[in-house]
Structures are given as C-alpha cells and as structure tokens.
Amino acid sequence: MIRRPPRSTLFPYTTLFRLLALFAFTAVNCNVISKDPVKSYENFQVLRVEIPSKESFDLLSSVNGLQFWNEGRVGSHRDAMVAPYNIEEVTQKLASLGLQYSTMVENVGELMRLEQIPAENVKEIPSTQHSMSWTEYHKQDDIESYLDYLAATYDFVEVESIGESYEGRPMRVLKVCKDGCGNKPAMWIDGGIHAREWITPATVTWMMKELVENDADHSDLTDKLDWYILAIVNPDGYDYTRKNDRLWRKTRSPNDLGLCKGTDANRNWGYMWNTGGSSDYGCQETYHGSEAFSEVENRNIRDFVWARKDQIKFFNTIHS
C-alpha cells in the first residue's frame, strides 16, 4: 500500500518544483537574451600607426589589443582599432617600441550613429514602387523588393533564386539579359561577402539601377553582354551587423571548434584554399572554413557560375 505523504510535506516539494521550473525558464530566456547581445563600440578609438620599415611592421603586428582595419604597408601606415580599456596600455607599448601614431577616430560609436543619418540628395526622388534609395543603408528586404520591382518593370530583367543562406535567407541573382540569357558573354558582380562592408550592397544595387533604369544611356552594355548580379553574398552576416555587431565580418554558420561562429566566405573558395592569407582558427576573422566550400553561400554561387562557366567572362566581387 502506497501512503500519501501528509499535506505539510507535499507543500515544500510542490514549491521546490515550481522554483526549479521558474529557474529553468529564467535560465533559458537569459541565455536567449545574452546569446547575441548588441555590441557597443562606444569610445573605441582608431590609431593610425606609421610604418617606415619592415621591422616596424613586424613590431606593430606583435602588439596585443589591436584590431587592424587595413593591411598596411611599409612606407605608409596601418590603422588599428583599440577598445577603451586597452588604450593606455596599447599607447604605452607603441611608445616603448618607438612607433609613431596619431588618433584617426576618437569614437567609433559616434561614427556608427552618424551612419544612421541619411545623406542629403535633392536630385533623388523616392519611388512609390519600392523602398530603395541611395542616400542610406537598407535592410535586405528593401533590396529584395527592388529586385522584384526591376523584374516586374523591365522585360529584359528577371530574378533567379540560387539557394538560401545558412539561416535560410534568400540569395537571388538579378539577371539582365536582352533576348534571353545565355547567348552573349556574361558579367558577374556581387557585394556583401564581408558583412560589415555595407557600402558594397549599396554600390551593387546602384549598379543595377544604372544598368537597367538608365539603359538608354549605354545600351551597348546590355546589347552585347548578359549580366548576373548578386547584391548580398552573406545575408546572415549582413543582418547580424544591423542588429548585433556592426563590425561582424564572417558568415554565421557554426565552425568546427564549436566556440565561435562564422567563416570568411572570401577565403572559402576552392581555388588555392588554405594556401596563405587566411587562418585555420575558427575565432579569427580570416578563418577559411573546415574545407573549401564549407559555406552554403559559396556553394550556391559556385553551382550557378559553374553551370555557366563557358559564358561568364568576368567575375567581380565588390569590397570596401
């Protein structure tokens, strides 16, 4: 016979169960909230360091606490971002090494706020048929709506899906072909392979606009050539830069270490993969992936281009 515990002993167990459930709910939700926080760059500085010699270049590369904004070269300079909590230590180290520097950007966070303000352009009249403009940076949905507008408006334009990103965002190519695609030499142009380079999708969509909407001014470009244009190679990373970390560079797939996310899609192609200029450490910005074409975004482009390998004569990835 199973005896029911007295009510006085049931209450603590019930209370404990409820507390455990509450703690579990709170932990899960805290984890969701803290998993991808919005990263602040308030009071981060960018230092411009002079590089008169190979020795000074090597010395600078050995300094901890720097996030380089360019490769730099001997006889010129190299720019590096420094977190506010590292400024004093880094500047003291530079001075001890005899490296001359100046402050190029006082506050990166302020630049990011200014970036949100649309540029003035009295010549541009906003369209009522799509959301794109070239006075501010747009989310992917606006860019996709512009592709649909061009395809619906011009009979020599169509849009083709070449697949989805790791997180399921669309990858769609604008095909600009008079008298159908496949009969002329073709040009490939893409942007946004590095997520933080916002001006590249903006530039590529402006190229779409110029090529299609102003076709009459240079019709030889479409009379003699086909065009395949992809505005955003890395849509997951692009979305992440808009919501979480403005300076995120890579894709958003988990890498094989399980500690960090993302692969540098620009170093994930098959040609000369892992032969230099990249990293095999998954947390690095130049991580090349576990293997060539490990990233679905690269595979989507590879498959589209390979199917037209005899037609495509020009492949241009826009960077900034």
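Bear in mind that the values here come from a model prediction, so they are computed numbers and not experimental data. (Residues numbered from 1 in each chain as written. Predicted model: local features only at pLDDT ≥ 70, side-chain atom pairs only at ≥ 80, totals over all residues. Heavy atoms only, no water.)

Caption draft 1: Here's a closer look at the nonpolar core. By size, the foremost hydrophobic cluster in this structure holds 25 residues, and its most contacted members are Leu150, Leu174, Val176, Met208, Trp227 and Ile229. Mapped by element, the contributors of at least two residues to this core are α5 (140-153), β6 (170-176), β7 (186-190), α6 (199-213) and β8 (226-230). With 5 residues, α5 is the largest single contributor of residues to this core. Counting 15 residues, the second-largest nonpolar core is a separate cluster that includes Ile162, Cys177, Trp188 and Val233. (Core = buried A, V, L, I, M, F, W, Y, C linked by side-chain atoms within 4.5 Å. Buried < 20%, exposed > 50% of the residue type's maximum accessible area, 1.4 Å probe, protein only. Helix = DSSP H or I, 4+ residues; strand = E, 2+ residues; numbered from the N terminus.)

Caption draft 2: Looking closely at the state of the cysteines. According to the stated counting rule, one finds 2 disulfides in the structure shown. In this model, Cys177 is linked to Cys181 through a disulfide, with the two sulfur atoms separated by 2.0 Å. With the S-S bond torsion at 90°, the cross-link from Cys177 to Cys181 turns out right-handed. The disulfide bridge from Cys260 ends at Cys283, spanning 1.7 Å between sulfur atoms. Handedness here is read from the sign of the S-S torsion; for Cys260 and Cys283, about 80°, the answer is right-handed. (Disulfide = S-S within 2.5 Å.)

Caption draft 3: Structural view of the sheet that holds β8. One open sheet accounts for 5 strands, arranged β5-β6-β8-β7-β9; its pairing is mixed. The sheet is open, and its two edges are formed by β5 (157-164) and β9 (312-317), each paired on a single side. Here the strands of the sheet are splayed against their neighbours by 20° on average, with no regard to which way each runs. Bridge count between β7 and β8: 5 bridges; the pairing is parallel. (Pairing = 2+ DSSP bridges. Axes fitted to C-alpha atoms, helices over the stretch in contact; angles between N-to-C directions.)

All quantities given are derived from atomic positions and should not be read as evidence of function.
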